[in-house]
Amino acid sequence: MDADVQADDETDDGRTVTATRAVKCPQCGATVAWSPASRWRPFCSERCKTLDLGAWASEAYRIPVVERDDGDDTELDKPE
Ligand SMILES: [Zn+2]
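Residues numbered from 1 in each chain as written. Predicted model: local features only at pLDDT ≥ 70, side-chain atom pairs only at ≥ 80, totals over all residues.

Asks: So, the overall build of the chain: which residues are in play, and what are the values?
Replies: Per the secondary structure count, the chain includes 2 helices and 2 strands. Along its sequence from the N terminus, the chain presents helices and strands in the succession β-β-α-α. For the chain, the residues scored as buried account for 4% of the 80 residues in total. Of the contacts made within the chain by residues no fewer than 6 positions apart, 14% connect residues no fewer than 24 positions apart. (Helix = DSSP H or I, 4+ residues; strand = E, 2+ residues; numbered from the N terminus. Buried ≥ 20, exposed ≤ 12 C-beta atoms within 10 Å, placed from the backbone. Contact = placed C-beta atoms within 7 Å.)

Below, the structure is given as structure tokens:
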């Protein structure tokens, strides 16, 4: 039972890809389009990625938020 994974914004490569590449999912062998839309690449899905990382997926998958002890760092993007 996986909780919803927080979607992190992945920046694009910055390159304009003209040809769509395709890779095979290392887990199940499904064809995966190598594009920003395939967020789990080279895996076909979150499930396959999780399975592949099974060693740490079960417990370490939930990484606690690390508290930063820097109290005086300058944050440019700090919402008030
Ligand atoms: Zn797969």
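Asks: Help me get a handle on the confidence of the model for the chain, residues and values and all.
Replies: Across the chain, the average pLDDT comes to 73, with 51% of residues at or above 70. Within the chain, the element-level pLDDT minimum falls on helix α2 (residues 54-57), averaging 56, and the maximum on strand β2 (residues 31-34), averaging 93. (pLDDT = per-residue confidence, 0-100.)

Asks: I'd like to hear about the pairing of β2, residue by residue, with values.
Replies: Bridge count between strand β1 (residues 21-24) and β2: 4 bridges; the pairing is antiparallel. The residue bridging K24 from the neighbouring strand is T31, located in β2. Hairpin connection from β1 to β2: 6 residues lie between these consecutive antiparallel strands, with G29 at a positive phi of about 85°. (Pairing = 2+ DSSP bridges.)

Asks: If you had to explain the environment of C48 to someone new, which residues and values would you point to?
Replies: Here C48 is to be found in helix α1 (residues 46-52). What makes C48 partly exposed here is the crowd of 19 C-beta atoms within 10 Å. Setting aside residues no more than four positions away along its own chain, C48 makes contact with C25, Q27, C28 and F43.

Asks: Could you give me a rundown of unusual backbone geometry, with the residues and numbers involved?
Replies: Of the consecutive residues R41 and P42, the connecting peptide bond is found in the cis state with omega at 5°. Tracing the backbone through its elements, the reader meets P42 in the loop between β2 and α1.

Asks: Residues and numbers for the environment of Q27, please.
Replies: As for its placement among the helices and strands, Q27 is situated in the loop between β1 and β2. Assessed through the 19 C-beta atoms surrounding it within 10 Å, Q27 is described here as partly exposed. Sequence separation between Q27 and R47 is 20 residues, and the spatial gap between their C-alpha atoms is 9.4 Å. When sequence neighbours within four positions are dropped, the list of residues in contact with Q27 reads F43, C48, L51 and D52.

Asks: Go over the environment of T31, please, and point to the residues and values.
Replies: Locating T31 in the fold gives a position in strand β2. Taking C-alpha positions, T31 is 9.2 Å from P42, a pair spaced 11 residues apart along the chain. Dropping the residues within four chain positions of it, T31 is found in contact with A22 and K24.

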